[in-house]
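# Examining the three-dimensional arrangement
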Amino acid sequence: MTDTTEKAARPKEAAPAATTARPRAPRGLRLRRSLTPWLFLAAPLVLLITFTYAPVANMVAYSFTDWDGVSPELSYTGAENYVELFTRPELFEVFFVSGYYLAASVVQIALALYFATVLSFNVRFRNFFKGVLFFPYLINGVAIGFVFLYFFQDGGTLDSVLSLLGVHSDRAWLGTPESANVSLAGVSVWRYTGLNFVLFLGAIQSIPGELYEAAELDGATRWHQFRYIIAPGIRPVLSLTVILSVSGSLSAFEVPFIMTGGATGTETFVIQTVKLAFRFNKTGLASAAAIVLLLIILAVTWVQRRLVPDDKVDLV
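So, here's what we can say about the structure.

Here is what the cut-offs are and how they apply
Residues numbered from 1 in each chain as written. Predicted model: local features only at pLDDT ≥ 70, side-chain atom pairs only at ≥ 80, totals over all residues. Heavy atoms only, no water. Helix = DSSP H or I, 4+ residues; strand = E, 2+ residues; numbered from the N terminus. Buried < 20%, exposed > 50% of the residue type's maximum accessible area, 1.4 Å probe, protein only. Contact = heavy atoms within 4.5 Å. Areas by Shrake-Rupley, 256 points an atom, 1.4 Å probe, with all protein chains shown as cover. Salt bridge = Lys/Arg side-chain N within 4 Å of Asp/Glu carboxyl O. Expected span 1.5 Å × (residues − 1). Bend = angle between axes of the 7 residues up to and from the residue.

## A look at the overall build of the protein chain
Of regular secondary structure, the protein chain possesses 14 helices and zero strands. The linear arrangement of helices and strands in the protein chain, starting from the amino end, is α-α-α-α-α-α-α-α-α-α-α-α-α-α. Counting every position in the protein chain, which comprises 316 residues, the buried fraction comes to 32%. Contacts in the protein chain between residues at least 24 apart in sequence constitute 67% of all its contacts with a sequence separation of at least 6. For the protein chain, the computed accessible surface area is about 20,500 Å², with 66% contributed by carbon and sulfur atoms.

What follows is the structure, encoded as structure tokens:
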């Protein structure tokens, strides 16, 4: 009886911990698991290297030669092409044309942000207006160039609409550098506002709805909601659109090339580079110009990222 009581009173000894370590996978299986992601990435990487990095490497090599783009022979000239670029001011004067597109990018970002903010709330026919705003971005750039070429020509669509409104204008919209560049910049606003609009709309809709409800309970107006909720919440996307707008302004090509061919003071840096390569057969100099443009875009992007770092936004 005493032994039974002592056994009952004695605390239970802890059972030894069971070892649950799983056996290590065979070496062949581990090797296959590590190689599987690379098998899926193989095709995209091959295409990326073949059609992006290899041409860029060739372009860098051509920029140090006097190749004309046709002859199988080319001779090394060192940094002569870069010296010519930086010692001929007329080759960089075309960057002033980019100022029109930079101003247009400010307008299109402002319009896209306004429409994205308005259409993110309950508005009648908002899906219809979303489609209308995004539709121009889906049209091919060549088609846009031809459409607006007839739109701005003398006696064209724009003059006809103005005459219906009682405004009779004999202005040649593409006849002077100022009016031509303003017209072309306006085309870029019409075309790219939809892209920025979709980016802003997606960012705004990713903000939790509870924040809007809490703001409305506190009596916040739409302006206060935009200032304290929407604007901070879309800051990373706004930074991205600024980068895209600046790089697009510096490398504008399709629409001005089709509508004016670079005439009447509308020649951009890319149009000039294309002419150097294919009209004057100076592929080496054109390659150097393309490299300079790439470096300028990278430098502007780096400065922008340093001034506006992409910090994580916490609205809660």
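## Some remarks on the pattern of salt bridges
Under the defined criterion, the tally for this structure stands at five salt bridges. The partner of Glu-90 in a salt bridge is Arg-88, and the shortest N-O contact between them spans 2.9 Å. A relative accessible area of 39% means that Glu-90 is categorised as partly exposed. Looking at Arg-88, the relative accessible area reads 26%, which means it is partly exposed.

## Description of helix H8 (residues 177-205)
When the terminal C-alpha atoms of H8 are compared, their 41 Å separation across 29 residues agrees well with the 42 Å that a helix rising 1.5 Å per residue should span. The sharpest bend along H8 reaches about 40 degrees and sits at Tyr-192.

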